[in-house]
Each structure stands twice: as C-alpha cells, then as structure tokens.
Amino acid sequence: MAEFVRFMERSNRSVDAKVGTVHPLALAAMQQTGEIVSQQKGRGSQRFLQGGLSAPMTVTWEITAACNIACIHSFIYPGIWQVLERCTMRELVMCISTNGTLITAERARRLKQFAPLYFQVSLDGGIPQTNDSIRGKGVFDRAIRGLEFLAAENHSLTVNSVLTRHSFYELDLLYEIAASYNAKLRVTRLRPSGRGQDVWADLHPTQEQYSEFTDWLMNRPDVLTADSFFHLNAFGTTLAGLDICGAATATCCICPEGEVYPCAFFQAPEFEAGNLHELSFREIWQNSLLFDYYRKMGGGACSGCGQYNVCHGGCPATKWFVHQKLSIKDPECVLI
C-alpha cells in the first residue's frame, strides 16, 4: 500500500487565515460588492452555483512551485508517481498540466498505468518565436516533442494556450497543432496574477481582438475554454460553458504548502480560505468564512448593467490584482 501524500512544510507567513477568520482587506473588498441576487431571481449558472456546491466539481492541486522553465506569466515534482498512484486508488479523474519538456518516451509509457488520466500541454504560441518569448528559448520544440511521445501512447491530450495579443494571430496554427496530435485545443484567459502582473499591460488582448475571438470561438465549438471568457458574453452572443465565475463555488485551488484559495488565479494571501496542515479539505470547503463571504458577493459597479445576467461582472481575480478592489468592473470589460 502506498504511503500517504504529504504536503510541504509550511513556511512562516505574516498571514495565517484559518477557517473562522477573514483578512480585513478581503472582508472589506467583498462587503463593498453588495448583496448577491437571490437564487430565485438569478439567471444562468448563478441559479446552480450560488452558495457553493456541496463539493467542488474540480480541484486544481499545484503540487510544486518549482519549474524547469521560467514563463513570464505564471513536471518537476519527484513525488508525482506517488500522487498518481494514490489518486488512482481513490478512483479520481486526473488531469496533469505540464509544459511537456520533461516528457520522455519511457515516462509516457509508464504513465499509461494510471487511468483515467488526461494531459494538458502548454503552448503559448503557434510558432517558436511567440511561444519562446514567453516560455524560454527552445521550449516550443521540446513541448512538441513531449506531445509526440504522449500521442504515441494514445494518451488523452489537450493543448492549452493562454491568449495574448501576440498569440491571438496564431489561433488557427494552435488549432492545427492540436488536431495533428488528436488533441483538443483549450484557450484560457491571461490573468494578472503571479508573474502575469508584470506583463499584463503588454500582453492582455485588446477589445477588438476579443470581439474577433468571440466570432472565432463560435465557429469552433470543439475548442475548450472552461469559464475563462464568460465576460465576453456581454458582446451579446452567449458562449458555451459557465456564464459566471466558478471560484469557491464549483472549484478551488490547493497550493504546495497546503493553502486553499478560491481558484488557481486568486492566490492572494488575503484570500486564503484555510490550510490543509490545520484543517481537512471538507472543513475548509464547507465551513470557511472566507469562502462563505466570497459566495455571497454582489455585483458591485456591474449590478445595474443590462448585461450583468450574462457575464456577472467578470473575473474577481483580475479585478483584485489590477486594482485591489472587487466592486469595480472587470478591467477587460468589453462594454467600457
């Protein structure tokens, strides 16, 4: 029987948010958004996600903060095999998000023992110059090699690409690359968290690009987006998927030292809901005071907008990391 997976020892931090406390900055920001629309009056996904599900549909678990490349916006963990074994024993459906550069033919074969197992390989451009300007010299070719090894073993594959104002022009190339490896293309939104804060102004798409991207998505219903671009519903054409943020209601993020956050893009110390060194995941998900307030946030400045029922104010993480507020419009609001 495999040993229990253990989280990294937690480093000393100035913020120690527990299940029954909320950081003053986070509390004030959430309270300033007003009260959420009642479930009876809510529309779309809001009717189902309000108040949070009894358990998340997906959990992002960042098992390590280490990486062998240095992306300007953001498979090196030695215990990955133990994690996969334990998750398989628990019959969990797993998806590994990787840059693909450390995938070898032998590792691709070894990974076949774990099922169901899906792979998401990151490419942030359809050509080496665009991708490598973000992810580092030579990363594009090494990622493609990793895709080849995984495809040779018939793994279920997705090519994940963060949409930037430069990669926008290579969407068709990325679509073709994914198809050539029998993979789906998944396009995700750039968020100004982590290193993304430093390059946000230079890389986030323009409003004109978002308009064209909406049309591009409508013509390619097989492209995956999760809930990344629900703010584009305000253009007037409803995209497939959630029309509201699923953070803390349908999903959350676990970090290497056991911290639990609303989502993978909202890793601000003020918004830590609890720590798995101190509390069980069930306790944090069901009883965290931070999550409770987060699930009850109102529309803030967006509540009077005629398109609020189709985009619900956009991404809270983007608002926080750009302006340190949650009551404002999404900085990429298409109606501004």
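Our subject is the structure listed above.
Residues numbered from 1 in each chain as written. Predicted model: local features only at pLDDT ≥ 70, side-chain atom pairs only at ≥ 80, totals over all residues. Heavy atoms only, no water.

**Comments concerning the sheet that holds strand β7 (residues 259–261)**
What holds strands together in a sheet is hydrogen bonding between their backbones, with the strands either parallel or antiparallel. The cut-off we apply is this: Two strands pair if DSSP finds at least two bridges between them. Going along the chain from the N terminus, every DSSP run of H or I of four or more residues is numbered as a helix, and every run of E of two or more is numbered as a strand.
An order of β1-β6-β7-β8 is seen for the four strands of this open sheet, with the pairing classed as mixed. Each edge of the sheet is formed by a strand with only one pairing partner; in this case those strands are β1 (58–61) and β8 (274–275). Here two bridges tie β7 to β8, and the two strands are oriented antiparallel to one another. Bridging from a neighbouring strand, V260 pairs with G274 of β8.

**As for the packing of helix α5 (residues 128–135) against helix α6 (residues 139–152)**
Helix-helix packing is characterised by the crossing angle of the two axes and by the distance between the axes. For the record, the criterion: Every axis in this analysis is a line fitted to C-alpha atoms, fitted for helices over the stretch in contact. Angles between the N-to-C directions lie between 0 and 180 degrees. Working definition: roughly parallel below 35 degrees, roughly antiparallel above 145 degrees, roughly perpendicular at 65 to 115 degrees, and oblique for all remaining angles. Any two residues whose heavy atoms approach within 4.5 Å are treated as being in contact. Asp, Glu, Lys and Arg are counted as charged, while Ala, Val, Leu, Ile, Met, Phe, Trp, Tyr, Cys and Pro are counted as nonpolar; the rest, among them Gly, fall into the polar class.
The geometry of α5 relative to α6 is characterised by a closest axis approach of 8 Å and an angle of 105 degrees between their N-to-C directions. Put simply, α5 runs roughly perpendicular to α6. Of α6, the residues touching α5 (which contributes P128, N131, D132 and R135) are V139, F140 and D141. Of the residues that constitute the contact of α5 with α6, the class distribution is three nonpolar, one polar and three charged.

**Description of the pattern of salt bridges**
Spelled out, the test is: Each salt bridge in this description consists of a side-chain nitrogen of Lys or Arg and a carboxyl oxygen of Asp or Glu lying within 4 Å of one another. Burial classification: accessible surface area is computed with a 1.4 Å probe over protein chains only, and a residue below 20% of its type maximum counts as buried, one above 50% as exposed, and the rest as partly exposed.
Taken as a whole and judged by the stated rule, the model has five salt bridges. For R189, the salt bridge is made with D330, and the minimal N-O distance between the two is 2.7 Å. Pair noted here: R189 is in strand β5 (residues 184–189) and D330 is in the segment after α13 (316–323), with a separation of 141 residues, a long-range link. Relative accessible area serves as the criterion here: at 2%, R189 is assigned to the buried category. The class of D330 is buried, set by a relative accessible area of 2%.

**Some details on the pairing of strand β3 (residues 117–122)**
Heads up, the condition is: Handedness of a crossover is defined as follows: orient the strands so they point away from the viewer, and if the path from the first strand over the helix to the second runs clockwise, the crossover is right-handed.
With five of six residues buried, β3 is to be regarded as a mostly interior element. Bridge count between strand β2 (residues 94–98) and β3: five bridges; the pairing is parallel. Across the sheet, the residue bridging to S97 is Q120, located in β3. Viewed along the sheet, the connection from β2 through helix α4 (residues 105–110) into β3 turns out right-handed. Sheet topology places β3 next to strand β4 (residues 156–163); five bridges connect them, and they run parallel. From the neighbouring strand, Q120 faces β4, where its bridge partner is T158.

**Quick notes on the side chain of T98**
What counts here: Nitrogen and oxygen atoms within 3.5 Å of one another constitute a polar contact, given that in protein one can donate a hydrogen and the other can accept it, and given that sequence-neighbouring residues count only through two side-chain atoms.
Mapped onto the elements of the fold, T98 is located in strand β2. One polar contact links the side chain of T98 to the main-chain amide nitrogen of G100, over a distance of 2.9 Å. Excluding its chain neighbours within four sequence positions, the residues that come into contact with T98 are F75, F119, Q120, V121 and S122.

**Digging into the packing of aromatic side chains**
Quick note on the threshold: Here is the rule: rings of Phe, Tyr and Trp (six-membered ring for Trp) pair when centre to centre is within 6.5 Å. Planes less than 30 degrees apart are stacked, more than 60 are edge-to-face, and the remainder are tilted. Throughout this description, the term charge over a ring refers to an Arg CZ or Lys NZ atom that lies within 6 Å of the ring centre and within 35 degrees of the ring normal.
Throughout the structure, instances matching the rule amount to twelve aromatic pairs. Plain terms: the ring middles of F213 and W216 are 6.2 Å apart, the flat faces sit at 15 degrees to each other, and that makes the pair stacked. With F213 and W216 both in helix α9 (residues 207–218) and three residues apart, the pair spans about one turn of that helix. Take F213 and W216: they sit in the same class, and that class is buried. Where W285 meets F291, the ring centres are 5.9 Å apart and the plane angle is 80 degrees; that geometry is what we call edge-to-face. Given the relative accessible area of 3%, W285 is considered buried. Since its relative accessible area comes to 0%, F291 is described here as buried. An aromatic cluster is present here, built from Y175, Y210, F213, W216 and F229 joined pairwise through their rings. When the ring centre of F265 is taken as reference, the NZ or CZ atom of R191 above it lies at 4.2 Å.

**Points about the environment of L117**
Assignment of secondary structure puts L117 in strand β3. Taking the relative accessible area as the measure of exposure, L117 reaches 8% and is therefore buried. Taking the C-alpha atoms as reference, L117 lies 9.4 Å from L157; in sequence the two are 40 residues apart.

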